[in-house]
Amino acid sequence: MMENAWLIPLIPLFSSVILLIFGKQLRESAAYIGILAVLVSFICSVIVLVERIDAPTYKQEIVWLVTGEVNITAGFEVTALNTLLLVMVSLVSCLVQIYSKGYMEGEKRFSIFYTYLGFFTFAMLGLVLSPNLLQLYFFWELVGLGSFLLIGFYFYKKEAKEAAKKAFIMTRIGDLGLLIAIILLFWKTGSFDFQEIFSSIGAGEISGGMLTLIALLLFAGAVGKSGQFPLHSWLPDAMEGPTPVSALIHAATMVAAGVYLVAVTFPIFSASSTAMETVAVIGGFTAIFAASIALVQKDIKRILAYSTISQLGYMMLALGTAGYTAGIFHLLTHAFFKALLFLAAGSIIHAIHTQDIYKMGGLWKKMRLTSPLFLIGALSISGVPLLSGFFSKDEILVSAWVNGNFLLFWIAMITAFLTSFYVFRLFFLIFTGQPKTEVVSKESPFSMVLPMGILGILAVCSGYIQTPWFGSYLGEFLVKGNKFLLVPAHSEGPAWIMAAAAVFSLSGILLAYLIYVKQTISRNFLIKEGSFINTTLINKYFIDETYYFTVGKTVKGLALFCSYIERFVIGGFEWAVTGTIRSLGSAGARLQSGQVQVYGVAVFAGLAVLVIIYALTGGLIR
Amino acid sequence: MDLQTMLNYHWEAMIPEFIILGTTVLLTLLDLFWPPYIKRRRLAWIGLIGILLSLLSLLAVLPIEVVSILDDSFRLDSFAKAFKMLLLVGAAFVMLLAESYEPKEGMKEQRGEFYYLFLTALLGAMIMTSSGDLITLFIGLELLSISSYILAGIRKHHTASNEAAMKYVISGGISTAITLFGMSYLYGLTGSTNLKAMSIIMKETVDTQFLYLFGLAFFMVLVGLSFKIASAPFHMWAPDVYQGAPIPVTAFLSVVSKTAGFAIILRILLSLYREVWGDAVGAFSFFESNSIYIAFLAGITMIIGNVVALRQRNLKRLFAYSSIAHAGYLLVAFATLGGQYFLFDTFWFYLLAYLFMNLGAFAVIQVVSGNTEQEGIDMLTGLYQRSPWLAVAMGISILSLAGIPGTAGFIAKVSIFLGAFAVDPGFYVLAAIMAGTTVISYIYYFGILVQLFLRSSIIQTKPKVPAGINILVAVCVLMTILFGLAPNIALDFFHQHFGDLLDF
């Protein structure tokens, strides 16, 4: 199957094309085609993963374009890292598509939704399989396009339209960095191929300063896609898309692409300590920064979005402190529990038609299946012992500790506390207390509960692939045979870190319980309502406003200036050019009088001109 | 020459031509003796089978070495093979178009002729690619021309068709006169009509007076033959004739006839002038010192084709100008040949890509116009709602004609564009004109796309698509995309079977 791994992304593309053509006739049965296609992809991915465990990396390429001396290739590669992502992406996509069948029921553009989902899945799987940077960049942009289309799915809503635009533009800023990095790498190494680039870096062919610059530019691409500070503000807005989309793209897959990019080009980063530190610091800062905003938001999906940003920061922190395994591990577990949380949130929104958590409450008894599943997700993200999030978070904390960056270590610790607090604030406000709105419908349909159930099982169990007790299967799988990756499969740290992490997480839950259920502690205990900190947090540190007044205003001023140049200088030039062309055109058309004798004259005149010039120059014009 | 020598010739090399000739005769006889109630459209299928058999036999003779029959009056070298392949594929497609061509009136009694005249024209074109002698080349040229004149006017009772034929004949006459005048110079200077014998004499000529006369002959032959490829200054007939002629004939003129025109230009001018001196001391070759004139013609052709196309509202007329523009792009490749750089694969690939994208577009135009006499751009309005498949196919063909990445047209155009830089000294101005006019061409090509996809249609009738046309369109679109994504398939085939035309 490894030789045929290229089929995995093409199957969803095929379904997407089919739906594009026949969508109108198929209506809601479009879902079956989409689900079936991605299910096949998932099964193939699992087979590839199983085969890859005992086999070396498989790579196949064809020459796509020859320019001068350089052969530009296209192909695919089956590495340890991308088999894991193949399975994760196809699984989550499959579950989300099953879920969407119930969630999107009655939607007018139902088949279009599945067309987009198939297209996105194709792009994401293609991104993962790419063996070189150029191909990765193509798919990177296609993924962005898929995300744009899906965020703007309700394009008649102004917010959705704005959010889609914002997401596209803000990620483009990062993409520009990525593109420059790719060009620089090509310039310096003459190749787009990962292996060749890593070899020339290993041989020291690129100077240290240039390497740092390239790594930072690559990281800029990752910052945009993964919603890291300062390019994070599109992600909460992207919640305007349908909830299944938020679960698929803005929790599990696309936003993880930035982390994947850093992981896949890890040898470039690890060659530059400045770049590594930048990654770690940005990651750590984003983690605590986004977690603090999540404390006070009241829209269920936005809280989860900030939580995603914060968790992605965690992953970056792990990668930046050389915790390669830890970063990937958290990427996988996070995909499962965060998708679960989003899908459960979707199920709640489906039932009561509001996203404001202050208008929810007492749902535990009403939604017998969604509630425990949400609880599992919440426990897992909080890092409660024995669930998947606990192990991956522990791995990150250990790698930060081993790396010796104690400030970042304690930031990560505090973030763990904040995380469990805001997640349980969410949980208690939604599920306990008195109901504040009427429940419109009962439990969601089976097609929505089944995917949540599967994700629930994974959120509990997926941590056991890398534990300090049973062995680090994941780390060994990732590191084995990868000669460019100079990191240990597992970092050994002091045992108290695990205990401390558990204590921090549980105390976060306890605090949330005391404030929101027992109400023994006032809500204003820590931060007074209306206080400076509170308003700052509610307004997300005024980042959007800051951007508006600095970048936005500057750009607008610049735009005004440019528009004058455009209107008068360029416009004038344009007017002259188009005028000339247009008059040339009409002159030509006038000459075309329909009289054949004119045509004959033109021929003889043409011949005469040629011959006369030839005669005058003596046949030698050069 | 006795019978024995005659029989010793490798006549099997001419099997493709014999098959076409045989099919033509068969069709003529059938048309004559078939009772009137048998539909003459069936002849098209027989003709198509003939063309396909001929194509098969061409594939069978691909491996054989250069064959020369009757002192080079017939030559089967890799040049001939490469061009015949294009001609046969193009003619097969045109035959499919012609089969389902059903105008309102004026085609009843001439159905039979309609089909076998395509075959005689094809035969002429094939001879044009495959002869090493001026006389036979000229006969091929005239066979093609005369068949085409009749084809353009095949709708006897249709005024536009008659006018087109008339203009075509007169322009053709002028073209023939100029070509022959040029050829007579060449014959007078060398005393032979055999290209090989002539080129030996010509490359040994050092006298500047003689070289000067060679130059004059060069221009006359080039201008005379530029009639066939519809390039400046001999392009003005094209819009009128393309517009008046029946759609399959228009398609034939813009693809098959143009390919044959390029074949004869390359055949005569390259084999004669490739090694001629450009000046008295032999510092330059002829092409090196004179390619500037070809470049000039190429530039003018691109500008006229693209700029005047902007003002056209009639689709067939628009495509006439578009085809003039494409002849201009191909002349860029001809100009950059410049003697030592023989970018023949570029040339061939462009013609191949052009064949698919242009015939794909013409097929859609024919189907959509149906039996109405509508030919305006507005007939495509909202086609996407009426028939998504046709609209997408047309869209892809148009994108390829415009040279958008991902299509064969892009690869073809880029290779010519890069070729203009590859030669030394480079044709930078010409490349700039090519880029600039390509941008201009976007205006009218995208105008068509706008009509196809973004306007809603007033007409609600769905065009009826015959199976033959469906296959034709599907093949064209498929090939356009395939060669756009993997041009090496075609280029590898070319290099494998035709080499670098060393036996030219």
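As the structure is a computational prediction, the values presented were derived from the model and not from experiment.

Trainee: Hey, could you run me through the overall build of chain A in this one?
Mentor: The helix and strand tally for chain A stands at 24 helices and four strands. In chain A, the share of contacts with a sequence separation of at least 24, taken over all contacts with a separation of at least 6, comes to 80%.

Trainee: Any chance you could explain the overall build of chain B here in plain terms?
Mentor: Regarding its fold elements, chain B presents 20 helices and two strands. Here chain B holds 504 residues, and 57% of them are scored as buried. Put simply, 79% of the contacts in chain B that link residues at least 6 apart link residues at least 24 apart.

Trainee: Even after reading the chapter, I still don't get the interface of chain B and chain A, so can you show me in this structure?
Mentor: Listed as interface residues are 29 residues of chain B and, on the opposing side, 23 residues of chain A. Counting residues per element, the side of chain B that touches chain A draws most heavily on helix α9 (residues 208-229) of chain B, which supplies seven residues. Looking at side-chain class alone, the side of chain B that touches chain A contains 22 nonpolar, three polar and four charged residues.

Trainee: How do you make sense of the packing of α9 of chain B against helix α11 (residues 247-273) of chain B when you look at a structure like this?
Mentor: The description of two helices packed together rests on the angle between their axes and the distance between the axes. All names here are of chain B. Running from amino to carboxyl end, α9 crosses α11 at an angle of 165°, the nearest separation of the two axes being 8 Å. Between α9 and α11, the interaxial angle falls into the category roughly antiparallel. Where α9 crosses over α11, the two elements pack in a sense that is left-handed. Side by side, α9 and α11 meet where Phe218, Val221, Leu222, Leu225, Lys228 and Ile229 of the first sit next to Ser257, Lys258, Ala260, Gly261, Phe262, Ile264, Ile265, Ile268, Leu269 and Tyr273 of the second. By residue class, the composition of the contact of α9 with α11 is twelve nonpolar, two polar and two charged.

Trainee: Even after reading the chapter, I still don't get the packing of helix α3 (residues 41-61) of chain B against helix α5 (residues 111-129) of chain B, so can you show me in this structure?
Mentor: Residues and elements named next belong to chain B. α5 packs onto α3 with a crossing angle of 15° between their chain directions and a minimal axis gap of 8 Å. As far as their axial angle goes, α5 and α3 are roughly parallel. Note that α3 runs across α5; the crossing there is right-handed. The segment α3 lies against α5, with Arg41, Leu43, Ala44, Gly47 and Gly50 engaging Arg111, Gly112, Tyr115, Tyr116, Phe118 and Leu119. Looking at the contact of α3 with α5 residue by residue, the class counts come to six nonpolar, three polar and two charged.

Trainee: How should I be thinking about unusual backbone geometry in this particular structure?
Mentor: The residue after Phe229 of chain A, namely Pro230 of chain A, is reached through a cis peptide bond having omega 5°. By the element assignment, Pro230 of chain A lies in the loop between α8 (208-225) and α9 (234-237). Here the residue pair Ala232 of chain B and Pro233 of chain B is connected by a cis peptide bond, since its omega of 0° sits within 30 degrees of zero. Mapped onto the elements of the fold, Pro233 of chain B is located in the loop between α9 and α10 (237-244). Residues other than glycine seldom take positive phi values, yet Leu70 of chain B does so here, at roughly 50°. Residue Leu70 of chain B is classed as partly exposed on the basis of its C-beta count, with 15 C-beta atoms lying within 10 Å. Phi at Ala230 of chain B takes a positive value of approximately 55°, unusual for a residue other than glycine. Secondary-structure assignment places Ala230 of chain B in the loop between α9 and α10.

Trainee: Where do I start with the environment of Lys413 of chain B in this structure?
Mentor: Residues and elements named next belong to chain B. On the secondary structure map, Lys413 appears in helix α17 (residues 408-422). Since 24 C-beta atoms lie within 10 Å of it, Lys413 is described here as buried. With residues near it in sequence (within four places) discarded, Lys413 still touches Tyr329, Gly403 and Thr438.

Trainee: Help me out: how do you make sense of the nonpolar core in this one?
Mentor: One recurring pattern in soluble globular proteins is that nonpolar side chains are buried together. Grouped together as the largest cluster of nonpolar side chains are 201 residues, with contacts concentrated most on Val259, Val262, Ala339, Leu340 and Ala412 of chain A. If you tally residues by element for this core, the top one is helix α15 (residues 324-352) of chain A, at 19 residues. Counting residues in each nonpolar core, the second largest holds 194 residues, with Leu137, Leu195, Val364 and Leu472 of chain B among its members.

Trainee: How should the confidence of the model for chain B be read in this particular structure?
Mentor: Detailed reading of predicted coordinates is not advised where the pLDDT is low. Residue and element names in this part refer to chain B. Averaged over all residues, the pLDDT of chain B is 88; the fraction at 70 or higher stands at 97%. Averaged pLDDT values over the elements of chain B bottom out at 79 in helix α1 (residues 3-8) and peak at 94 in helix α6 (residues 134-152). Across the assembled chains, the prediction reports ipTM 0.89 with pTM 0.65.

Trainee: Hey, could you run me through helix α2 (residues 15-33) of chain B in this one?
Mentor: In an α-helix there are 3.6 residues to a turn, and that puts residues three or four apart on one side. Residues and elements named next belong to chain B. When the terminal C-alpha atoms of α2 are compared, their 26 Å separation across 19 residues agrees well with the 27 Å that a helix rising 1.5 Å per residue should span. Taken residue by residue, α2 has Pro16, Glu17, Ile19, Ile20, Thr23, Thr24 and Leu27 as its buried positions. Along α2, the residues classed as buried sweep out an arc of 160° about the axis, all on the same side. Those residues of α2 that are exposed and angled more than 90 degrees off the buried face are Val25, Leu29, Leu32 and Phe33. In this structure, the buried residues of α2 make contact with α3, α4 (78-99) and α5.

Trainee: What should I look at first to understand the environment of Tyr273 of chain B in this one?
Mentor: All names here are of chain B. As for its placement among the helices and strands, Tyr273 is situated in helix α11. Tyr273 sits in the buried class, given 22 other C-beta atoms within 10 Å. A sequence separation of 71 residues divides Tyr273 from Met202, and the C-alpha atoms of the two residues are 7.7 Å apart. With near-sequence residues (within four places) excluded, Tyr273 lies in contact with Phe218, Phe286 and Phe287.

Trainee: Explain the environment of Arg27 of chain A here, please?
Mentor: All names here are of chain A. Among the secondary structure elements, Arg27 is positioned in the loop between α1 (7-26) and α2 (30-54). On the basis of neighbour count, Arg27 is assigned to the exposed category, with 11 C-beta atoms found within 10 Å. Sequence separation of Arg27 and Ser111 is 84 residues, and the distance between their C-alpha atoms is 5.9 Å. Once residues within four sequence positions are removed from consideration, Arg27 is found in contact with Phe110 and Ser111.

Analysis parameters
Residues numbered from 1 in each chain as written. Chains lettered and ligands numbered in written order. Predicted model: local features only at pLDDT ≥ 70, side-chain atom pairs only at ≥ 80, totals over all residues. Helix = DSSP H or I, 4+ residues; strand = E, 2+ residues; numbered from the N terminus. Contact = placed C-beta atoms within 7 Å. Buried ≥ 20, exposed ≤ 12 C-beta atoms within 10 Å, placed from the backbone. Nonpolar A, V, L, I, M, F, W, Y, C, P; charged D, E, K, R; others polar. Axes fitted to C-alpha atoms, helices over the stretch in contact; angles between N-to-C directions. Parallel < 35°, antiparallel > 145°, perpendicular 65-115°, else oblique. Left-handed = near helix turned anticlockwise from the far one by under 90°. Core = buried A, V, L, I, M, F, W, Y, C linked by C-beta atoms within 7 Å. pLDDT = per-residue confidence, 0-100. Expected span 1.5 Å × (residues − 1). Arc of directions from axis to C-beta.

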